[in-house]
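# Chains, contacts and geometry: an overview
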Amino acid sequence: MSAGWIFCVFVCVCFSSGAFETLFISKGNEQWISNSSTTRLLKKRSVSSAEIEVQSIKVDCKVTSRFAHTVMTTKARNKANISQEVSFEVELPKTSFITNFSMEIDGKTYTGVVKEKEKAKQQYQKAVSSGQTAGLVKASGRKMEKFSVSVNVAAESSVIFILTHEELLKRHSSKYELMIRVKPKQLVQHFEIVADIYEPQGIAFVDAYGTFMTNELLPLVEKTVTDKKAHVSFSPTLDQQRKCTECDGTIIDGDFFIKYDVNRAHDIGDIQIVNGYFVHFFAPANLPRVPKMVVFVIDNSYSMVGNKLAQTKEALVTILGELPEEDYFAIIVFSTSFVVWRPHLSKATQENVKAAQEYVKTIEVIGSTELHNAVIHGVEMLYEERRNGTAPKNMVLMIFLLTDGEPNNFPRTLPQIQESIRDAIDGNITLFSLAFGKDANYGFLDTLSKQNNGLVRRIYEDSDAPLQLQGFYEEVSSPLLSDVHFRYPDHMVNSLTRSRFKELYNGSEIMVAGRLNDLNEIDNFAIEIFAQGFENNFELKGQANTPKWETIFPEEEYIFGDFTERLWAYLTIQELLDKKDKGTPEEKGNATEEALSLSLKYNFVTPLTSMVVTKPQDETKNDTFIADKLTEEERGKLQRYSYSAAPVSYNFAPPSYTSSSMPTYYVDGDPHFIIEMPDQNDAVCFNIDEKPGTIFNLVRDPLTGIVVNGQTIGDKKVIPGNKMHTYFGRFGIIHEKFGIRLMVSTKEISVSDQGKQAKFFWTDTATVKGPNMDLQVIKGRSLTVTLRNSVKFLIILHKVWQKHPFHQDYLGFYTLDSHLFSSNVHGLLGQFYHGLQFEVSETFPGEDPNKPDAMMFVKGQELVVTRGWQKDFRQDVKKGAKVPCWFIHNNGTGLLDGVHTDYIVSGLFKTV
């Protein structure tokens, strides 16, 4: 697996008036200040991101016996004569654990504390309720996840950020890889990447390069390799970082890779013992691959329409073409029912492969998702082939399941489906799952695969999806050994990690770690390995080579503490996290408890713990941030439900709103109301059809005093016989307790905060800070409304060609932090803020073959609903992102409390 970092400095400059009655609006290069007595134009103070000087960035990585310990240290100085906000962002590999974070400000150090996740969450909620600024740091990408924190730095002062994380590198494609992501965003006085690698087995090769490398930078990568040690460094000067001689921009923007492998022999592997802990690495060289029998089970339900199925077919054609001729294969395609390409497995001859490829090209979408029977039939095909003896003995049995959803047309529950498949497989077949896209039920597939000795991999809906599919298949398609069993003297070891493995694949490695009972007996540490090889049983016996610690690790600069103990803890936690997703309830509970205990003991940020960072703001107020480690299932939800605002002007960065579990409620388009439910990994949607000019109450919370109304507009003209489309063209936001009124139209934005008036237009980029409300407008794009110590709204402007004969500009409205409303909140959107329970079943073909219908049970009644898509425009105002949802017909009848006309009000700032 890879390891990586990213560092970005964003500068937010806040001007303080010293009095709450002043309203600040910054536009372009000028700043308007409005108060009760005067309105005057001031020259904007010259403040730029250059006044936050990044003095040094150092990435220091030590890799000892595959265990990577990385410390990233960054020093920045505020050279301005006012305080400024500095944000520190680091991208980490998903498989790493943060172990420490600290920041030093004015000689004082603030350190993050690892706590049980629930306790950390309680601290976060307490900070929110007491009026403190609090943030959940939960950003995530395909391979990386982001840690970020910001701090206010006084004038002429410095801040030092130090982040440490650890990761056990896994071998893929016959190499280990560290990926260091570097994006400093500006020239850095002292920039350095240093990696020291120590491998007692001996280092076979080391490669180092960067995606941003030019011919001028290549000589700066210094690499020294001896028998067991490697040193890699990269340290460009200020001038060498420049994009060009006269440029201030930096060329350092991308990924820096270090790849290596170790020497290997065909024996029991390498055993290292340090301070009572041992780790055993096993990847014998020059073993012949074991032939396999593989069944491809492919989802072709309606939700696979378009790119998903096209990319799956493209990848499968390539995979089939690379099957060794001694392998056997079958193809099962499933939706509401399943279809088998051939009734028996076929040998991967050139003729059979070509016929299979032609068949794959003909697959089309149809029906719903019913994977149970398809997988069970694949199991039966493999067992039948083995019983008939048509294929050679000792072949490895595999199933590759690809789906983009979850079973929705079968009477069994998801746990019952898992149990049925596990009983059928009975430990004899390895099942791999590929979860295609954001809507796949990753948790269900993860448990299903783990219960059957396999893995799950998420396939992202990008242009390289076929390569992702092929890459995962290549990792596990060449087994060298099966049923691998490691045996150690029972009286000598305890706390052993997993010692039985279904397969060992070409280019990979098996690791086993544990503790020794008595260091005085290590001279008698006998090891036995049993497995099934290509033609016969595979058996190795040997004695662990146990030289003195000083002999194995003579160079202390390559070592970080008791690395074997931390390696054991890391590996144990990873296995316990896997175990907590399968087994009996008691086994799951014990695994969770043990994993949590180890996470806290070794200060690891895992899915069971969080790091709480309390940073200073002033003498009376602190900001609390929580850094979470997400599960892959949570990451999938995050990619669907999160939003990060883009920078607005002068390289400033506005607040970032991300949440993996908070749903988003919004109305955008025709108008389309979308209710996202992350806990159910689904969404419902409905349209409202009413004449233009109608004003609807969207949100009303009598306890907080917040009201949001929206007025519809129609097309300029309607083609005779066609439907009149309506959109929202104006919004009114009221905060009755604070005396706030905000009117947003497609032309202008006007605000009144405690009687102070201001107006600005969509043609401006503006930041507005009032006594009880902050506004931030991105020119021609969006407005973020933040009510003091309360909720946030996002309003998006959709620009239409001014001379368009039919359509005109319109607005979209998105609710952020909806959980901060009281339990009495209501309205067309507000009634859903505290959750909605519904069940969908009995999927059947609808009027549109690409949009199946289903029965939904909600609010005590059954509705016929249709699977469709709506658009979320938060990240792409022009194209939007498709959001799958269940569409409720007839103006949301059956979903809404009452009917849609109950929410019509008489004015934009009226509640009745």
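Look up a bit, the structure's there.
Residues numbered from 1 in each chain as written. Predicted model: local features only at pLDDT ≥ 70, side-chain atom pairs only at ≥ 80, totals over all residues. Heavy atoms only, no water.

### A short note on the state of the cysteines
- Tallied over the entire structure, the rule returns 2 disulfides.
- Disulfide pairing is shown between C244 and C247; the S-S distance is 1.7 Å. Torsion about the S-S bond of the C244 and C247 cystine: about 70°, corresponding to right-handed handedness.
- One disulfide in the model links C685 with C885; its S-S distance is 2.2 Å. For the disulfide bridge between C685 and C885, the dihedral angle about the S-S bond is near 70°, and by the sign convention the bridge is right-handed. In this pair, C685 sits in strand β40 (residues 682-687) while C885 sits in strand β55 (residues 881-888), placing the two residues 200 residues apart along the sequence. Grouping residues by exposure puts C685 and C885 together as buried.
- In the chain, the bonded cysteines, numbered by position in the sequence, are linked as 1-2, 3-4. (Disulfide = S-S within 2.5 Å. Helix = DSSP H or I, 4+ residues; strand = E, 2+ residues; numbered from the N terminus. Buried < 20%, exposed > 50% of the residue type's maximum accessible area, 1.4 Å probe, protein only.)

### Section: the packing of aromatic side chains
- With the rule as written, the count across this model stands at 36 aromatic pairs.
- Between F400 and F432, the ring centres sit 5.1 Å apart and the planes meet at 25°, which makes this aromatic pair stacked. Here F400, found in strand β27 (residues 396-403), pairs with F432, found in strand β28 (residues 430-436); they are 32 residues apart in sequence, far enough to count as distant. Each member of the pair F400 and F432 is classed as buried.
- Judged by centre distance (5.1 Å) and plane angle (50°), the rings of Y665 and Y833 are tilted. (Phe/Tyr/Trp six-rings, centres within 6.5 Å; stacked < 30°, edge-to-face > 60°.)

### Observations concerning the pattern of salt bridges
- On inspection of all chains with the given rule, the structure shows 30 salt bridges.
- E358 is the partner of K361 in a salt bridge, and the nearest nitrogen-oxygen pair spans 3.4 Å. In this pair, K361 and E358 are both assigned in helix α4 (residues 350-361), 3 residues apart and thus about one turn of the helix distant.
- We classify E358 as partly exposed; its relative accessible area is 43%.
- Here K450 ties to D578 by a salt bridge, and the two come within 2.9 Å at their closest N and O atoms. A residue pair is termed long-range when its members are at least 10 positions apart, and K450 in helix α7 (residues 442-450) and D578 in helix α10 (residues 563-579) qualify at 128 residues. (Salt bridge = Lys/Arg side-chain N within 4 Å of Asp/Glu carboxyl O.)

### Focus: the packing of helix α3 (residues 307-321) against helix α8 (residues 465-476)
- Relative to each other, α3 and α8 sit at 40°, their axes nearing to 8 Å. Here α3 is positioned oblique relative to α8, judged by the angle of their axes. Here α3 and α8 pass one another in a crossing that is right-handed. Across the interface between the two elements, Q311, T312, E314, A315, T318 and I319 from α3 touch A465, P466, L469, Q470 and Y473 from α8.
- Considered class by class, the residues forming the contact of α3 with α8 number 6 nonpolar, 4 polar and 1 charged. (Axes fitted to C-alpha atoms, helices over the stretch in contact; angles between N-to-C directions. Parallel < 35°, antiparallel > 145°, perpendicular 65-115°, else oblique. Left-handed = near helix turned anticlockwise from the far one by under 90°. Contact = heavy atoms within 4.5 Å. Nonpolar A, V, L, I, M, F, W, Y, C, P; charged D, E, K, R; others polar.)

### Regarding the nonpolar core
- In terms of nonpolar packing, the biggest core is built from 57 residues, with F101, F161, F234, F256, I258 and Y260 touching the most fellow members.
- In terms of residue count, the dominant contributor to this core is strand β5 (residues 52-64) (6 residues).
- Of all hydrophobic cores here, the second largest spans 56 residues; its members include F696, V708, F832 and M856. (Core = buried A, V, L, I, M, F, W, Y, C linked by side-chain atoms within 4.5 Å.)

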